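# Per-entry structural report
Here are the chains, one letter per residue:
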Amino acid sequence: MAQIEHKLDLVVRLTDTTTGDPPDMGAARFLVNGSAILLIWKEAGIYILLNRGRTNMLLDVQIQGFLPVSAWIDYNVLDPAYPQVEIALIPERKPYGYTDLITLEGCMPGIEHLDAAPLHESCAVVLRYQEERRTLHFFSSKRLEECSYALLHEEKAEFEEIRIDRRIDALAVRLKRPLSAPCGPQEKVTRIIRGTTDAGGQYLLRVRQSEEQAQYLVRYTVNGETRFRKVDLRHPEDGRLE
């Protein structure tokens, strides 16, 4: 009997960007150049692509309850042994009834990128950084299951995005790249909430409403210049970017 072999070409991890959890609104639909392609559901939020070939592509994702999103799949930057991408989904605003979402939106010509890190909560607290091993050790840490997080430099009102290469144990991770700025004890690691921008300068960032503090450090790039701004998203009307 002939043996059928399958080649893994892509792993797609879908997350609700406001929570970090996998979407629970039903099956996702994937398209390339307007035509549907089959990705196999593996577990909550995880889909795999088999036997298509590793050709760069623009992957469109549609799923009920979330805004459509497109992601450029570049195999030149993915791990050949396990080519995985993480795609953040922004919940749709409900047309009626109670909503627990807060939206920061507007128009800024030249805006190219938008995301934010919460200042009122953290996923981990740094103990030390081993530069020669690209390893972060923590005093305390939640399960760091996403691919990227924010390392807060609160005294500068900035954050650095870190990408996890490997989880060594419950209190240590190895990074894909060295840190670009010094890191000291007690610095916090938080989730990154992704926003969207378009060629016309429209931007949108959406977070879950909370009765607690809602302080965020917003990072945005305008004409190649990266800027940071602290925003209280309980009052998004005061947080327009400039």
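Our subject is the structure listed above.
These remarks concern the structure in this document. (Residues numbered from 1 in each chain as written. Predicted model: local features only at pLDDT ≥ 70, side-chain atom pairs only at ≥ 80, totals over all residues. Heavy atoms only, no water.)

## Side note on the sheet that holds strand S11 (residues 124–130)
Ordered in space as S11-S12-S15-S14-S13-S16, the six strands form a closed barrel in which the pairing is antiparallel. For this sheet, the mean inter-axis angle between neighbouring strands, taken without regard to orientation, is 45 degrees. (Pairing = 2+ DSSP bridges. Helix = DSSP H or I, 4+ residues; strand = E, 2+ residues; numbered from the N terminus. Axes fitted to C-alpha atoms, helices over the stretch in contact; angles between N-to-C directions.)

## Structural notes on the packing of aromatic side chains
One pass over the full model with this rule turns up two aromatic pairs. A ring pair is formed by Phe30 and Tyr47, whose centres lie 5.1 Å apart and whose planes are at 65 degrees; its orientation type is edge-to-face. Taken together, the residues Phe30 in strand S2 (residues 29–32) and Tyr47 in strand S5 (residues 46–50) connect sequence positions 17 residues apart. Summarising the burial analysis for this pair, Phe30 and Tyr47 share the class buried. (Phe/Tyr/Trp six-rings, centres within 6.5 Å; stacked < 30°, edge-to-face > 60°. Buried < 20%, exposed > 50% of the residue type's maximum accessible area, 1.4 Å probe, protein only.)

## Considering unusual backbone geometry
Non-glycine residue Arg134 carries a positive phi angle of around 55 degrees. Tracing the chain through its elements places Arg134 in the loop between S11 and strand S12 (135–141). Positive phi outside glycine occurs at Asn223, with the angle close to 50 degrees. Positionally, Asn223 belongs in the loop between strand S20 (215–222) and strand S21 (225–232).

## Things to note about the sheet that holds strand S8 (residues 84–89)
Judged by pairing direction, the sheet is mixed, and its four strands sit side by side in the order S4-S5-S1-S8 without closing on themselves. Here the strands that pair on one side only, and so sit at the sheet edges, are strand S4 (40–43) and S8. Taking the axes of each pair of neighbouring strands and ignoring which way they run, one obtains an average angle of 30 degrees across the sheet. Where strand S1 (residues 8–16) lies against S8, six bridges are found, and the strand directions are parallel. Bridge pairing in S8 links Arg13 to Glu86.

## Brief notes about the side chain of His153
As for its position among the elements, His153 is in strand S13 (residues 148–153). For His153, a relative accessible area of 3% gives the class buried. Ignoring sequence-local partners within four residues, the contact set of His153 consists of Glu158, Phe159, Glu160, Ala181, Pro182 and Glu187. (Contact = heavy atoms within 4.5 Å.)

## What about the environment of Ala117?
As for its position among the elements, Ala117 is in strand S10 (residues 111–118). As a C-alpha pair, Ala117 and Arg191 span 74 residues in sequence and 6.1 Å in three-dimensional space. Ignoring any residue separated from it by four or fewer positions in sequence, one finds Ala117 in contact with Ala150, Leu152, Phe159, Thr190, Arg191, Gln215, Tyr216 and Leu217.

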